[in-house]
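Overview (structure and organization)
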Amino acid sequence: MAPVSRNRRSNAKKQQSNKKRSGNPASPKNIPTPRERLDLSDLRTGNPFGDPSGLSFLQRLAGAGSARPDWFGPSIEGLLDEAEVLLDAQGPRQLEDMTARLLGAQVHKAVQEEHSLALDYWVEELIDAAERRARERPVAGAPGSRAADLVLHGLTSVGSPAVAHMADAALSRLYPVAHGTDTGEDWPDWLGSAAKPLMTGDVWTMRDVYGSRLGVIAATSYPNGADPAVYLFDIDACGFVVLAGGGTFDDVQQAAAAWRTAVGAAAADCIPQPLDKAHTEALRCLIEVDLSEITIRGTESRAVWDEWFRALRRVHDLSDALQRHGSSLPTPLNLYQDIDVTPTVEAFYAWLRHEHGDEPDPEAVAALVGEWLEGALPDTADSVSPHRIEHRLGLINDWIPEHPSTIGAKRLLPHWVRFLAQRADIPDTATAAALATLATVSGGGHRAAEHCRDVH
């Protein structure tokens, strides 16, 4: 047990872990089963994904004892005012990209202004407001009302299954208004495909030199092969497993180049590797990534917010695609409990004796190893990236400073970094960057900007 105030830190992390499971986009209770395929084309009544609107939005806020966040109104009105850009969309992929950016702009602004978010309530109110505006048709084909329709169509392609259902239900109610014979509106044929993005099941993975910044590229299309593209998940697993960005691209090589640029030097030589559908453990990052609001820090880049809603939806879409191929995403784990540190502790002891003849404090070793492994994806346990060093040292600094194990663990850190670098067989330049970061952060500084840039 690490020498810390466990009532403060460990309990908080366990609570975070529990909350994380409930917000996990791909936990078994949230992923549609094959009987619940995400086909909203004929969905006009009922809700196969549960009933998120059993109570009105304001009733639920009142029941929770919370006031309606004051950013809701201005942001929703601002988004709907800006939604006329959607009129330029030439296909379902353009519509979903534009919708994702409209959502991201408003949420990013709210985060920068330090508002409390409640994003599930916000998007529900956005759907209600878009439906109201779409009904306001003083002139046939008025741009504002038509754009509101397109917001709803965009949400059916980028929203989670529950959000997509609510948006589709609103469109169903609007159908007589939008398509009545007296409106004179001409809707593009492709609009009916907006709610039906598909993943083919073809997937490629990438991993930076340290092993804890991960890229997943999945092939996508719309019905009849329309708008083929790939979707990139950019996952940072150096600390908590979080979304670092992503988006749609024309092909695998374009997506890989964008990921390498986002990650920096540690990904310079990374080549996308095709996924064997029989072995999907490499996709565990998509199961464990936290897309709830518990890990939001307020320093996320705009790229994260542009993909916040869509990434969750694409996890569902990928799960569905794998099921069609007789495969599945990995079973979720609890990354914060029942961690067996013994093999790593024994290996580190053996390395210290061989390299230095040292016999360190067993409690210090166990505390350091336990802190390093807690919350880590299993296949990133040996990662010693500069970002992970900064994150873990921040946790160690929360230990009781004068405790012998705290002092011992900090003394062991340079050896620990070298041990993991040898064990993971990373290049000397990467090892040097890790050790330099340890020295900088131990002195009160921060890792260099090129390591996991834009992820804080």
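Our subject is the structure listed above.
Structural notes, computed from the coordinates. (Residues numbered from 1 in each chain as written. Predicted model: local features only at pLDDT ≥ 70, side-chain atom pairs only at ≥ 80, totals over all residues. Heavy atoms only, no water.)

Looking now at the overall build of the chain. Scanning the chain for helices and strands turns up 15 helices and five strands. For the chain, buried positions account for 55% of its 456 residues. Taking as baseline every contact in the chain between residues at least 6 positions apart, the subset at least 24 positions apart corresponds to 71%. Looking at the chain as shown, the accessible area adds up to about 19800 Å², and 51% of this sits on carbon and sulfur atoms. (Helix = DSSP H or I, 4+ residues; strand = E, 2+ residues; numbered from the N terminus. Buried < 20%, exposed > 50% of the residue type's maximum accessible area, 1.4 Å probe, protein only. Contact = heavy atoms within 4.5 Å. Areas by Shrake-Rupley, 256 points an atom, 1.4 Å probe, with all protein chains shown as cover.)

Bringing the packing of helix α11 (residues 342–356) against helix α14 (residues 404–424) into the picture now. The interhelical angle for the contact between α11 and α14, taken along N-to-C directions, is 100°, at an axis separation of 11 Å. When the axis of α11 is compared with that of α14, the two are roughly perpendicular. Residue-level inspection shows T344, A347, F348, W351, L352, E355 and H356 of α11 in contact with α14, the latter providing L412, H415, W416, R418, F419, Q422 and R423. Residues of the contact of α11 with α14, tallied by class, amount to seven nonpolar, four polar and three charged. (Axes fitted to C-alpha atoms, helices over the stretch in contact; angles between N-to-C directions. Parallel < 35°, antiparallel > 145°, perpendicular 65-115°, else oblique. Nonpolar A, V, L, I, M, F, W, Y, C, P; charged D, E, K, R; others polar.)

So, about the sheet that holds strand β4 (residues 242–249). Read across the open sheet, the five strands follow the order β4-β3-β2-β1-β5; overall the sheet is antiparallel. Only two strands of the sheet have a single partner each, and these edge strands are β4 and β5 (273–274). Alignment of strand β2 (residues 213–222) against strand β3 (residues 226–236), held across nine bridges, turns out to be antiparallel. The residue of β3 that forms the bridge with V216 is F233. Those strands touched by helix α8 (residues 252–263) are β1 (198–207), β2, β3 and β4, and its axis lies near 150° from that of β2. Across the sheet, helix α10 (residues 302–324) touches β1, β2, β3 and β4, and the angle it forms with β4 is around 75°. (Pairing = 2+ DSSP bridges.)

For β4, the tally of buried residues reaches seven of eight residues, placing the bulk of the element in the interior. The pairing of β3 with β4 spans seven bridges and is antiparallel. Across the sheet, the residue bridging to I235 is L243, located in β4. Here β3 folds back onto β4 in antiparallel fashion, the turn holding five residues.

Moving on, we get to the packing of aromatic side chains. Inspection of every chain in the model, using the stated rule, returns 11 aromatic pairs. Judged by centre distance (4.8 Å) and plane angle (40°), the rings of W305 and W308 are tilted. Placement of both W305 and W308 in helix α10 is noted, with a separation of three residues, approximately one turn of the helix. This pair shows no difference in class: W305 is buried, exactly as W308 is. Each residue in the set F348, W351, W372, W416 and F419 is aromatic and connected to the rest through ring pairs, giving one cluster. The cationic tip of R146 hangs over the ring face of W187; the distance from NZ or CZ to the ring centre is 4.3 Å. (Phe/Tyr/Trp six-rings, centres within 6.5 Å; stacked < 30°, edge-to-face > 60°. Lys NZ or Arg CZ within 6 Å of the ring centre and 35° of its normal.)

As a packed pair, helix α13 (residues 386–396) and α14 sit with axes 11 Å apart at the nearest point and diverge in direction by 170°. Between α13 and α14, the angle falls in the class roughly antiparallel. At the point where α13 passes α14, the crossing takes the right-handed sense. Between α13, through I389, L393 and I396, and α14, the contact on the second element is made entirely by T406, K410, L413 and V417. Of the residues that constitute the contact of α13 with α14, the class distribution is five nonpolar, one polar and one charged. (Left-handed = near helix turned anticlockwise from the far one by under 90°.)

A few words on the nonpolar core. Counting 74 residues, the largest nonpolar core has W122, L126, L155, F233, I235, L283 and L286 as the members making the most contacts within it. Apart from the residues lying within four places of it in its own chain, the contact partners of W122 are W71, F72, S75, I76, L79, L103, Q106, V107 and F309. In terms of nonpolar packing, the next biggest core, distinct from the first, is built from 33 residues, Y210, W372, I396 and A430 among them. (Core = buried A, V, L, I, M, F, W, Y, C linked by side-chain atoms within 4.5 Å.)

Assignment of secondary structure puts L174 in helix α7 (residues 161–178). Given a relative accessible area of 0%, L174 falls into the buried group. Separated by 25 residues in sequence, L174 and D149 place their C-alpha atoms 8.4 Å apart.

For the coordinates displayed, the defined rule picks out five cavities of 30 Å³ or more. Here the largest cavity defines a volume of roughly 70 Å³. In terms of lining, the largest cavity is formed by R93, E96, P197, T220, S221, Y222, D227, A229, Y231, T248 and R314. Classifying every residue of the lining of the largest cavity by side-chain character gives four nonpolar, three polar and four charged. Every residue lining the second largest cavity is listed: D208, Y210, V263, A266, S385, P386, H387, E450, H451 and C452. (1 Å grid on protein atoms, 1.4 Å probe; cavity = no way out; pocket = protein on both sides within 12 Å on 5 of 7 lines; lining within 4 Å. Points joined across faces, edges and corners; volume = space filled by probe spheres on them.)

With that settled, the discussion passes to the pattern of salt bridges. Applying the stated criterion across every chain, the model contains 23 salt bridges. With its nearest N and O atoms 3.2 Å apart, the salt bridge here joins D317 to R313. With D317 and R313 both in helix α10 and four residues apart, the pair spans about one turn of that helix. When the shortest N-O distance is used, the salt bridge between R314 and D317 registers 2.8 Å. (Salt bridge = Lys/Arg side-chain N within 4 Å of Asp/Glu carboxyl O.)

Here the focus is the side chain of T344. Positionally, T344 belongs in helix α11. Contact partners of T344, with chain neighbours within four places excluded, come to V369, L373, W416 and R423.

What follows deals with unusual backbone geometry. You will see that E114, though not glycine, has its phi angle at about 60°, which is positive. Here E114 lies in the loop between α4 (92–112) and α5 (119–135). We note that N224 has phi near 65°; this positive angle belongs to a residue other than glycine. Tracing the sequence through the fold places N224 in the loop between β2 and β3. A relative accessible area of 84% means that N224 is categorised as exposed.

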